[in-house]
Amino acid sequence: MAERALPLPLPVRAAEALPLRARLSFAAGHFQNDACAALWFTYLLLFLHSALGFGHRAAGALLLAGQLADGLCTPLLGYETDRSAGCGRYGRRKSWHLAGTTCVLVSFPFIFNPCLACKENTPQWAAFIYYLPFIIIFQFGWAATQVSHLSLIPELVTSDHEKVELTAFRYAFTVMANITVYGLAWLLLNFQVDQPERIEHLGPQDVPIFRNLSLIVVGLGAVFSLIFHLGTKEKPYPWGSSAQPEESTPLLQKEPSALRPLLLWRDWLWEPAFYQVAVLYMSTRLIVNLSQAYIAMYLTNSLLLPKKYIATIPLVMYVSGFLSSFLMKPVNKWLGRNLTYFVGILVILTFASWVTLVKQMGTEIYGAAALLGAGSATILVTSLSMTADLIGTNTHSSAFVYGAMSFTDKMANGLAVMAIQNLHPCPSELCCSECASFYHWVMVGVTGGVAVAAIASLCCIMVWPIHVRYHAACLRGLRGAEGCPGAEGADRSTRIN
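For the structure given in this document, a descriptive report is provided here. (Residues numbered from 1 in each chain as written. Predicted model: local features only at pLDDT ≥ 70, side-chain atom pairs only at ≥ 80, totals over all residues. Heavy atoms only, no water.)

**A look at the nonpolar core**
Step number 1: Among the nonpolar cores identified, the biggest contains 129 residues, and Tyr-43, Tyr-294 and Ile-365 are the most heavily contacted of them.
Step number 2: Top element by residues in this core is helix H10 (residues 272-302). It accounts for 16 residues.
Step number 3: If we ignore the near neighbours within four places in the chain, the residues touching Tyr-43 are Ala-38, Phe-112, Val-181, Tyr-182, Ala-185, Phe-210, Leu-213, Ile-310 and Ala-311. (Core = buried A, V, L, I, M, F, W, Y, C linked by side-chain atoms within 4.5 Å. Buried < 20%, exposed > 50% of the residue type's maximum accessible area, 1.4 Å probe, protein only. Helix = DSSP H or I, 4+ residues; strand = E, 2+ residues; numbered from the N terminus. Contact = heavy atoms within 4.5 Å.)

**Comments concerning the environment of Leu-39**
Step number 1: Along the polypeptide, Leu-39 turns up in helix H2 (residues 31-51).
Step number 2: Placed 146 residues apart in sequence, Leu-39 and Ala-185 show a C-alpha to C-alpha distance of 9.8 Å.
Step number 3: With residues up to four places along the chain from it excluded, the contact list for Leu-39 reads Leu-44, Phe-108, Phe-112, Val-181, Leu-213, Ser-214 and Val-217.

**Observations regarding the packing of helix H13 (residues 337-357) against helix H16 (residues 435-463)**
Step number 1: At a minimum axis separation of 9 Å, H13 and H16 run at an interaxial angle of 155 degrees. Taken as axis vectors, H13 and H16 run roughly antiparallel relative to one another. The crossing of H13 and H16 is left-handed. Contacts between H13 and H16 involve Asn-338, Tyr-341, Phe-342, Ile-345, Ile-348, Leu-349, Phe-351, Ala-352, Val-355 and Thr-356 from the first element and His-440, Trp-441, Met-443, Val-444, Thr-447, Gly-448, Ala-451, Ala-454, Ile-455, Leu-458, Ile-461 and Met-462 from the second. (Axes fitted to C-alpha atoms, helices over the stretch in contact; angles between N-to-C directions. Parallel < 35°, antiparallel > 145°, perpendicular 65-115°, else oblique. Left-handed = near helix turned anticlockwise from the far one by under 90°.)

**Remarks on the state of the cysteines**
Step number 1: Under the criterion given, the structure shown has 1 disulfide.
Step number 2: One disulfide bridge connects Cys-115 with Cys-118, the sulfur atoms lying 2.1 Å from each other. Judged by the sign of its S-S torsion, about 65 degrees, the bond between Cys-115 and Cys-118 is right-handed.
Step number 3: By relative accessible area, Cys-118 is classed as partly exposed at 26%.
Step number 4: Cys-103 provides the cysteine sulfur closest to Cys-73, a residue in no disulfide bond, and the two sulfurs are 9.6 Å apart.
Step number 5: Here Cys-460 is not disulfide-linked; the sulfur of Cys-459 is the nearest cysteine sulfur, at 7.1 Å. (Disulfide = S-S within 2.5 Å.)

Here it is as structure tokens:
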């Protein structure tokens, strides 16, 4: 049965470009999340091991619990943010962003502080239970902030290059947040008054450093979140209406292009491109997050560098990432998405080869860190742009798509960290003679090994480009009791160029 031809809507004036002030305000909205994520991934295992004396499995279990909570909350929050209409006249995305920011503010400082009710003889399982609820609340808030912020991108801008530019602005603030965290860590470590024989090694005496760092981070994050809410304008949904298309949704939407069927959250599950992008995004996040989580361990245990390097090396990584993020728009325009991502992966593989061949490094570690930072920035910005391309005009379900992408990322990262922690050769929380080789090969595996998987995923996208094939999803106004009229024609593959 042929699809019924629908009249085209009247042409409307193209949307104006987003002003620079609005782009900067939007990018500021994820500063708190990025700063907290830098602390979480880079210093959580180090803090639990060196400062609090947690064992490898207990520390990995806490990080895994946080990743599982985030992974489970993210798609559910994505579904809810697409359905909700916001708080009053406040936009639905900004409403969830505000709720998430509040959760992060009230929970995160407790994670990087000693257990308030614990004593010297308190068992480790009791401390584990103490930290668990704070981690869950933090991850819920982090997920709500991330999903609502990402899902604003295709709503604020429409063209491909504007999406890349807005994503690059967002990542530039991500790098700024990380630079702020590592710069503060360097200052706190260098101005620490301590005994000369213990200054170069992390231990319980460094607990105040992590505590003060977490308090400063949430304070700065609150300021940037305020800038986001004051400077970003989101069109609110009127009272009594639903964010999801319902039976009363008009057939003719005010779109500048021909009417296309709306994809609801369940329709994305039938899209092959949805899974292609999910695997690529998961591989990207594995490289970025795992290298961030184990770089401090690699520096202190494999290279035996002083503890100030746990601040300066990540700082170099994100300075190089910051610089490369501004090249994303022209490079994407010149090479295209796929080749830009491939260039980033080649840089990551160069870093992995360097680490493999040179087991002892001094100042040359700064050059390797610059490569890792530039490569990570390139693949992360490009993978987010590919996700925005996948969504296209289906902005009503964009939060679910970003939530599902983040779900695969969080689950994979949590399980990978737990697997690495369980493979640790030392029986106790103290590093033994095999630590140096262990963390050396961990860094090689989480960069070079995962990069090979990312290349395989990229090849699939190059062979089968990203496009929406199946249009079983119709306008809800056309749905009957048995589904869409003309479903036979709607089920056929339709390429979106």
